[in-house]
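Architecture at a glance
Each chain, letter by letter, is given below.
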Amino acid sequence: QQQVKQSPQSLIVQKGGISIINCAYENTAFDYFPWYQQFPGKGPALLIAIRPDVSEKKEGRFTISFNKSAKQFSLHIMDSQPGDSATYFCAAVFSGGYNKLIFGAGTRLAVHP
Amino acid sequence: DTEVTQTPKHLVMGMTNKKSLKCEQHMGHRAMYWYKQKAKKPPELMFVYSYEKLSINESVPSRFSPECPNSSLLNLHLHALQPEDSALYLCASSQARQNNEQFFGPGTRLTVL
């Protein structure tokens, strides 16, 4: 019930293509869904986040799509660039739970020139 | 200043050593976190401090001892560690209110011999 399932485990995209990463959850107590980007040797950094009352949020080339009824959300990276090559983690946060992040397993994205 | 700093960057210790990891933030955040991250895995929450009080201990072995001496500092004292404790230890901070962005430090790469 506390899990967040993330797929795919790894993804290779050509420069200029669209990268899509999917996540699914079970517990409806989750009410905040951030995406983190992590480069090797660095800590994760917040990329974009969404709340379940919104179906889509866009920031630059990054878009979150949220389907509350299906309990699924996804990250779309438009016009993917080699600099986007990193590991991406989706996460979910429990309402009232000390801001505790429940991470997905991560997706290693490689964008080839 | 939106930075979380961690020292040292790297640490090698024997199983009988005592060492400490240090984390500092000056963003006025009143929630601070310790995470452990193994290679190719997501961060795992260890401890949460809220207003300098320990709020969450995720059943972490007593050989890890957290300390929050003031609102800007967070320490993790290490004693009698095992080789399987080798990992990247990440500190994060956030506003103590719900669903706020966690800012991560770069981590300390710990190797236990």
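Structure: above.
To start, this report covers the structure provided alongside it. (Residues numbered from 1 in each chain as written. Chains lettered and ligands numbered in written order. Predicted model: local features only at pLDDT ≥ 70, side-chain atom pairs only at ≥ 80, totals over all residues. Heavy atoms only, no water.)

Across its full length, chain A carries 0 helices and 11 strands. Over its C-alpha trace chain A gives a radius of gyration of 13 Å, about what one expects of a compact globule, namely 13 Å for 113 residues. Projected onto its principal axes, the C-alpha coordinates of chain A cover approximately 45 × 30 × 20 Å. Within chain A, buried positions represent 48% of all 113 residues. A sequence separation of at least 24 residues applies to 54% of the contacts in chain A between residues at least 6 apart. As displayed, chain A has an accessible area near 5500 Å², and 50% of this comes from carbon and sulfur atoms. In chain A, 11 side chains carry a positive charge and 7 a negative one; their mean positions are 6 Å apart. (Helix = DSSP H or I, 4+ residues; strand = E, 2+ residues; numbered from the N terminus. Rg over C-alpha atoms; globule rule 2.2 N^0.38 Å. Buried < 20%, exposed > 50% of the residue type's maximum accessible area, 1.4 Å probe, protein only. Contact = heavy atoms within 4.5 Å. Areas by Shrake-Rupley, 256 points an atom, 1.4 Å probe, with all protein chains shown as cover. Lys, Arg positive; Asp, Glu negative; His and termini not counted. Charge placed at Lys NZ, Arg CZ, Asp CG, Glu CD.)

Okay, the pattern of salt bridges next. Per the counting criterion, the structure on display carries 6 salt bridges over all chains. Here K100(A) ties to E58(B) by a salt bridge, and the two come within 2.9 Å at their closest N and O atoms. Residue K100(A) is found in the loop between β9 (86–94) and β10 (101–103), and its partner E58(B) is found in the loop between β6 (53–57) and β7 (64–70); the two belong to separate chains. The class for K100(A) is buried, based on a relative accessible area of 14%. Classification of E58(B) by relative accessible area gives partly exposed; the value is 32%. (Salt bridge = Lys/Arg side-chain N within 4 Å of Asp/Glu carboxyl O.)

Moving on to the sheet that holds strand β6 (residues 56–59) of chain A. Strand-to-strand pairing in sheets goes through backbone hydrogen bonds, with the strands running parallel or antiparallel. Residue and element names in this part refer to chain A. Taken together, 5 strands build an open sheet; the order of strands is β1-β3-β8-β7-β6 and the sheet is antiparallel. Of all the strands in the sheet, the pair left with one neighbour each is β1 (4–7) and β6. When strand polarity is set aside, the average angle formed by the axes of neighbouring strands in this sheet is 15°. Across 6 bridges, strand β3 (residues 19–25) lies against strand β8 (residues 72–77) in antiparallel orientation. Looking across to β8, one finds that C23 is bridged to F73. (Pairing = 2+ DSSP bridges. Axes fitted to C-alpha atoms, helices over the stretch in contact; angles between N-to-C directions.)

On to a nonpolar patch on the surface, then. A cluster of nonpolar side chains, contributed by I18(A), I20(A) and M78(A), occupies part of the molecular surface with about 250 Å² of accessible area. Here M78(A) lies in the loop between β8 and β9. (Patch = residues over 30% accessible without salt bridge, like charges linked within 9 Å, V, L, I, M, F, W, Y side chains within 5 Å.)

Residue and element names in this part refer to chain A. Membership of the largest hydrophobic core comes to 26 residues, with the highest contact counts inside it found for V4, F30, F33, W35, F73, L75 and Y88. Contributions of two or more residues to this core are made by β2 (10–14), β3, β4 (30–38), β5 (45–50), β7 (62–67), β8, β9 and β11 (107–112). Examining the composition of this core, we find that 5 residues originate from one element, β9, more than from any other. Filtering out sequence-adjacent residues up to four positions away, V4 remains in contact with C23, A24, F30, F73, C90, A92, I102, F103, G104 and A105. (Core = buried A, V, L, I, M, F, W, Y, C linked by side-chain atoms within 4.5 Å.)

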